[in-house]
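So the chains spell out like this:
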Amino acid sequence: MADVNARTATSSPRFEKAWAALVYALGTLMLGYPALAGKFLVSPPSDQYIGGFPVRDFAAQSLKLGHGIPQWNPYLFGGLPYIGAMHGDIFYPTFLLRAILPTDVAMTWSFIIHVFLAGFFTFVFLRAYGFGFSGSLVGGLAYMMGGPVAGLVSPGHDGKLYISALYPLALFCLVRGLRDGKRWAFGALGLVLGLAVLSPHPQLLQYMLLSVGAFALYLAYLDPAGARVVTRDKTLRLLSSLGSVVLGFLIGAVQYVPVLEYVPWSPRSGGMKGGYEHATSYSLPPEEIINAYVPQFSGILDNYWGRNGIHYHSEYIGASVLVLAGLALGGALFAARRRFLWFWIGTLIVALLWAFGRYTPFFSLVYAIVPGTKFFRAPSTMMFIAAFAVAILAAAGTERLIAGDVGKRYLLAWGAGALVVVLFAVSGGFESMATGLAVPQLVDRVALNSPALLWGTLRSALFVALALAIAFAAMRRVLSPEMATWALVAVIALDLFSIERLYWRFSEPASVIYASDATLDYVRKQKEPGRVLALQLSDEYAYHDPSLFGDGPMIHGVRLVTGYHGNELGRYDELLGLDDGMKSIGDPRFWRLLNMKYLLTNAATLPIPSWQPMLKLVAGPVKDAAGTTVYLYESNLDSPLAWVTPVGIKAADDAVLATLRDARFDYTTIALFAPDAAVPAAANVTALPAPLAIRARTDLYAPGHMRFVLDQPAPAGAHLVVSENYYPGWTATADGQSAPIGRAELSLMAVALPAGARTVELAFDSPSYHRGKTITLLAIAASLLWMAAGAYLQRKAHG
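All values reported here derive from a predicted model rather than from experimental measurement.

Trainee: Any details on the overall build of the chain? Residues and values, ideally.
Mentor: Looking only at helices and strands, the chain features 30 helices and 17 strands. Radius of gyration (C-alpha) of the chain: 30 Å, near the 28 Å computed for a compact globule of 799 residues. Principal axes of the C-alpha set define a box for the chain whose edges measure 95 × 65 × 50 Å. Classification of the 799 residues of the chain by burial places 57% in the buried group. Of all intrachain contacts in the chain linking residues separated by at least 6 positions in sequence, the fraction that spans at least 24 positions is 77%. Carbon together with sulfur atoms contributes 64% to the accessible area of the chain, which is approximately 30500 Å² in total. Of the charged side chains in the chain, 59 are positive and 52 negative; the average position of the first set lies 11 Å away from that of the second.

Written out as structure tokens, the structure reads:
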């Protein structure tokens, strides 16, 4: 390793980290410069557009008002816990940006900053391991601007990007701790892993931990420096690494203690429905690995014809980067780092096999033995590990190039290979291959993609030629090592920018793309709360309109019957009949039960005959912010947020659901409690009692806080049923005194009222959140203390 350092140290400038940071900042701003003009890094296909922004802005406004992190989201799917059901990066440091900046600005810069950090942390890792400035600089640039990282902004996958950025920093901590014996590094590793847990993206966290664990074993037993560490010290360091992992999970307790409590309530409680088929959805079709060299092969964005149906991200590694990666597999530098490079070659192979998912037998083994796999999908997201491995190889190849250790055969082979690929494209080979592989309903896109594919092949060949020219000039000493380094940086940046810029699609600021309209204004002005059923009933609509397909109305305080989430309360899904086409909403009684008062749609006339007598047009036609012509209909049904029943009984969930769907049942007569509800209930009810004439007026409605005033005193044995989902943490008072509350009507909640009660107040406060927060704060303190104590002992030992 000392010999390797001697060969590469001459190209290291003063203030090398500052130079690296400048390169990565410029590379990131090449992609993200519209943010400087206030544009929002979001587009209609993005998850952030239809769901990410509304739920983040909800918390941001709560923070700015001094209310802290909200614990209850009342705007989607009948209400759900904000923390336990997971609403994105609630506790990741990016939430601090949203507390001080407009939410769209904060989200945009969160993406930009983490692309930069992905490059900078890779540079720091490579330098710590012993790579020279040139190789480290190129490795960081290749990783951060490559498609598997930079392309994550297109679908709006910020959690994936956060872990992709933290991954090389975790590896750096392992090098300093396991190999170099720096005790502070284990405390730092705990913090890094804690941030990864809080990202929160459990699937990529799993991938990160598996790879970090494998690298820890490599450092301990295969790395030349680690192999020389005595067994006792090696064992202590490995145990310290394990302690860092434990600390990382404890740091994430503020998020995951509530999540663990929520799992039995989630629709994913038994794993994702569909088993292996679901777990392997969005696998990477093996043919699409061609995109790593010719990114237009399977079609970019709207031209995509592949087997996954949708494809908003990028697998492009970079033609110039692949030239450099191939250089790593030979020469004196390969011999000096043989074990290290073979480790990353092995990692690359495993990551690719994993990403292929259902298309190889390998993933059957993964599904069988890797815990948590049944809860995830999209094995293709493992590509960030593959991209990192290629970046490591590109760093090693760069050092070989800088040293002038490049053979003519390698250059000629790459040149000939690029020419063959061009000829194959010109002859229609790629198009024929694509026609045979394309999804039948998307096959017409193959011909539409043909010109882009041809020019893309030529583009890749051009960047191969530029990389080969630099290698040839370095080999002949026409370019100095410094000049060759900066030439490579320029070529790689332009190569990757020319493709990834297509995935960085900006929109107008949030105040424009989520602006209110007459339909939302009408709902907001009503005194009594009522939910909106948003449905697309006509074929004319804007793609991914947040009002019809997402959570857009919640930005304006409008409660939705459904929404865009995916981890709502499972029993609410059952109540709606989501697995059966939401058949419950066809029954007017369910409109009353679920506080549905409005229909927001793009249809000028109602195609459902049974709805026509009960709905009247109250707003529209009007263009919403997305450009869809929308209409708001109001129900003439009595659908209050809360009502009083004379009695309550307990019954099993399946019996409750069957009763609610029975047309003869009047839900205002009996509160149907869950068997475990901690409320008194009538023992024997042989006939439906008469409904009560008591009205419950909503005196206060806020996230996690409601108050109702009854127009008459409650009789003994009465219950107030509230059309909001029940979840542990809800408490109730009646006239200021504690009152029993429990799950009723399968998913809703009801309060047992004392005789004479007039005012009922409900509030949500999650004990699991407070427990988790305490654990997190203690774990952060322990990590910081470990870092400080380790640094002090290190200094003292060398003092």
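Trainee: Got a sec to walk through the side chain of Asn 449? Specific residues and values, please.
Mentor: Structurally, the position occupied by Asn 449 is in helix H22 (residues 444–475). Excluding its chain neighbours within four sequence positions, the residues that come into contact with Asn 449 are Gln 296, Phe 297, Ser 298, Gly 299, Ile 300, Asn 303 and Trp 305.

Trainee: Now, about the pairing of strand E9 (residues 670–673): what can you tell me, with residues and values included?
Mentor: Side chains of E9 alternate between two faces, with Ile 670 and Leu 672 and Ala 671 and Phe 673 buried alike. Bridge analysis of strand E8 (residues 647–650) against E9 gives 4 bridges, and the strand direction is parallel. Across the sheet, Gly 648 pairs through a bridge with Ala 671, a residue of E9.

Trainee: How would you summarise the sheet that holds strand E4 (residues 596–601) if you had to cite specific residues and measurements?
Mentor: Spatially, 4 strands are ordered E3-E4-E6-E5 in an open sheet, and the strand pairing comes out mixed. Of all the strands in the sheet, the pair left with one neighbour each is strand E3 (531–535) and strand E5 (615–623). The sheet shows a mean angle of 20 degrees between the axes of neighbouring strands, taken without regard to direction. Where E3 and E4 come together, 5 bridges link them in parallel fashion. Paired with Val 532 across the strands is Tyr 598, a residue of E4.

Trainee: I'd like a description of the confidence of the model for the chain, backed by residues and values.
Mentor: Taken as a whole, the chain shows an average pLDDT of 94; of its residues, 98% reach a score of 70 or greater. Predicted confidence is poor over residues 1–10, with pLDDT under 50, and the contacts of this stretch with residues over four places away or in other chains come to 16 contacts.

Trainee: If you had to explain helix H20 (residues 408–426) to someone new, which residues and values would you point to?
Mentor: Compared with an ideal rise of 1.5 Å per residue, which puts 19 residues at 27 Å, H20 spans 27 Å between its outermost C-alpha atoms and is within 8% of the ideal. Three or more residues of H20 are buried, namely Tyr 410, Leu 411, Trp 414, Ala 418, Val 422 and Ala 425. An end-on view of H20 places all buried positions within 110 degrees of arc, on one side of the element. Turned more than 90 degrees from where H20 packs its buried face, Lys 408, Arg 409, Leu 412, Val 420, Leu 423 and Val 426 sit exposed. Looking at the residues trailing H20, positive phi occurs at Gly 428, about 90 degrees.

Trainee: Give a description of the sheet that holds strand E17 (residues 759–764) that names residues and reports values.
Mentor: Read from one edge of the open sheet, 5 strands run E10-E11-E17-E13-E14, paired in antiparallel fashion. Of all the strands in the sheet, just strand E10 (696–702) and strand E14 (737–739) have a single pairing partner and so form its edges. Taking the axes of each pair of neighbouring strands and ignoring which way they run, one obtains an average angle of 25 degrees across the sheet. Of the strand pairs in this sheet, strand E13 (residues 730–734) and E14 are connected by 3 bridges, and their pairing is antiparallel. What sits directly across from Ala 734, in E14, is Gln 737.

Trainee: Account for helix H9 (residues 184–197), naming residues and giving values.
Mentor: An ideal rise of 1.5 Å per residue puts 20 Å on 14 residues; H9 measures up with 20 Å between its terminal C-alpha atoms. Here H9 lies mainly inside the structure; 11 of its 14 residues are buried. Inspection of H9 places Ala 185, Phe 186, Gly 187, Ala 188, Leu 189, Gly 190, Val 192, Leu 193, Gly 194, Ala 196 and Val 197 among the buried residues, and these make up the whole buried set. Structurally, H9 contributes buried residues whose contacts are with helix H8 (158–179), helix H10 (202–221), helix H12 (231–251), helix H13 (253–262) and helix H30 (767–797).

Trainee: Account for the environment of Phe 363, with residues named and values stated.
Mentor: Take Phe 363: it is sitting in helix H18 (residues 362–369). The class for Phe 363 is buried, based on a relative accessible area of 2%. Considered as a pair, Phe 363 and Phe 186 are 177 residues apart in the sequence and their alpha carbons are 32 Å apart. Among all residues touching Phe 363, those that are not within four sequence positions of it are Tyr 276, Ala 279, Thr 280, Trp 354, Gly 357, Thr 373 and Pro 379.

Trainee: Give me the packing of H9 against H10: which residues, what numbers.
Mentor: Packing of H9 against H10 brings their axes to within 9 Å, and their N-to-C directions diverge by 155 degrees. In terms of axis orientation, H9 runs roughly antiparallel to H10. Contact with H9, carried on its side by Val 192, Leu 193, Ala 196 and Val 197, involves Leu 205, Met 208 and Leu 209 of H10 and no other residues of that element. Of the residues contributing to the contact of H9 with H10, the split by class is 7 nonpolar, no polar and no charged.

Trainee: Provide a residue-level description of the nonpolar core, including the pertinent values.
Mentor: Counting residues in hydrophobic clusters, the biggest one holds 151 residues, and the most contacted among them are Phe 125, Tyr 167, Met 208, Phe 215, Phe 340, Trp 344 and Leu 401. Beyond its immediate sequence surroundings of up to four residues, Phe 340 is in contact with Phe 125, Tyr 129, Phe 131, Phe 215, Tyr 218 and Ile 392.

Trainee: Give me the lowdown on the pairing of strand E12 (residues 719–722), citing residues and values where you can.
Mentor: The two faces of E12 match: His 719 and Val 721 on one face and Leu 720 and Val 722 on the other face are all buried. Sheet analysis places strand E7 (residues 642–645) next to E12, joined by 4 bridges and oriented antiparallel. Within the sheet, the bridge partner assigned to Thr 645 lies in E12 and is His 719. Bridge count for E12 against strand E16 (residues 748–752) is 4 bridges, and the pairing is antiparallel. Bridge assignment links His 719 to a residue of E16, and that residue is Ala 752.

Trainee: I'd like a rundown of the pattern of salt bridges, residues and numbers included.
Mentor: The full count for this structure, using the stated rule, is 24 salt bridges. Here Glu 724 and Arg 559 are joined by a salt bridge, their closest N and O atoms 3.7 Å apart. Linking Glu 724 in the loop between E12 and E13 with Arg 559 in the loop between helix H26 (546–549) and helix H27 (570–576), this pair joins segments that are 165 residues apart in sequence. Neither Glu 724 nor Arg 559 differs from the other in exposure class; each is buried. Of the charged contacts, one joins Arg 743 and Asp 653 as a salt bridge, the two residues approaching to 3.0 Å between their closest N and O atoms. One end of the pair, Arg 743, is in strand E15 (residues 741–744); the other, Asp 653, is in helix H29 (residues 653–660), and 90 residues separate them in sequence.

Trainee: Could you give me a rundown of the packing of aromatic side chains, with the residues and numbers involved?
Mentor: Going through the model one piece at a time under the given rule, you end up with 53 aromatic pairs. Judged by centre distance (5.5 Å) and plane angle (85 degrees), the rings of Phe 58 and Tyr 75 are edge-to-face. A residue pair is termed long-range when its members are at least 10 positions apart, and Phe 58 in helix H3 (residues 47–64) and Tyr 75 in the loop between strand E1 (72–73) and strand E2 (80–81) qualify at 17 residues. Across the pair, exposure class does not vary: Phe 58 and Tyr 75 are buried alike.

Trainee: So, the side chain of Lys 597: which residues are in play, and what are the values?
Mentor: Its location among the elements puts Lys 597 in strand E4. Residues within four places of Lys 597 in sequence aside, it is in contact with Glu 528, Pro 529, Gly 530, Arg 531, Trp 591, Tyr 633, Glu 634, Ser 635 and Ser 639.

Trainee: Hey, could you go over the packing of helix H5 (residues 103–129) against helix H19 (residues 383–402) for me, with residue numbers and the actual values?
Mentor: Axis separation between H5 and H19 bottoms out at 12 Å; the angle between their running directions is 55 degrees. It follows that H5 is oblique to H19 by the angle criterion. For the element pair H5 and H19, the recorded crossing hand is right-handed. Only Phe 388, Ile 392 and Ala 395 of H19 make contact with H5, whose side of the interface consists of Thr 122, Phe 125 and Leu 126. Along the lines of polarity and charge, the residues of the contact of H5 with H19 split into 5 nonpolar, 1 polar and no charged.

Procedures and definitions
- Residues numbered from 1 in each chain as written.
- Predicted model: local features only at pLDDT ≥ 70, side-chain atom pairs only at ≥ 80, totals over all residues.
- Heavy atoms only, no water.
- Helix = DSSP H or I, 4+ residues; strand = E, 2+ residues; numbered from the N terminus.
- Rg over C-alpha atoms; globule rule 2.2 N^0.38 Å.
- Buried < 20%, exposed > 50% of the residue type's maximum accessible area, 1.4 Å probe, protein only.
- Contact = heavy atoms within 4.5 Å.
- Areas by Shrake-Rupley, 256 points an atom, 1.4 Å probe, with all protein chains shown as cover.
- Lys, Arg positive; Asp, Glu negative; His and termini not counted.
- Charge placed at Lys NZ, Arg CZ, Asp CG, Glu CD.
- Pairing = 2+ DSSP bridges.
- Axes fitted to C-alpha atoms, helices over the stretch in contact; angles between N-to-C directions.
- pLDDT = per-residue confidence, 0-100.
- Expected span 1.5 Å × (residues − 1).
- Arc of directions from axis to C-beta.
- Parallel < 35°, antiparallel > 145°, perpendicular 65-115°, else oblique.
- Nonpolar A, V, L, I, M, F, W, Y, C, P; charged D, E, K, R; others polar.
- Core = buried A, V, L, I, M, F, W, Y, C linked by side-chain atoms within 4.5 Å.
- Salt bridge = Lys/Arg side-chain N within 4 Å of Asp/Glu carboxyl O.
- Phe/Tyr/Trp six-rings, centres within 6.5 Å; stacked < 30°, edge-to-face > 60°.
- Left-handed = near helix turned anticlockwise from the far one by under 90°.

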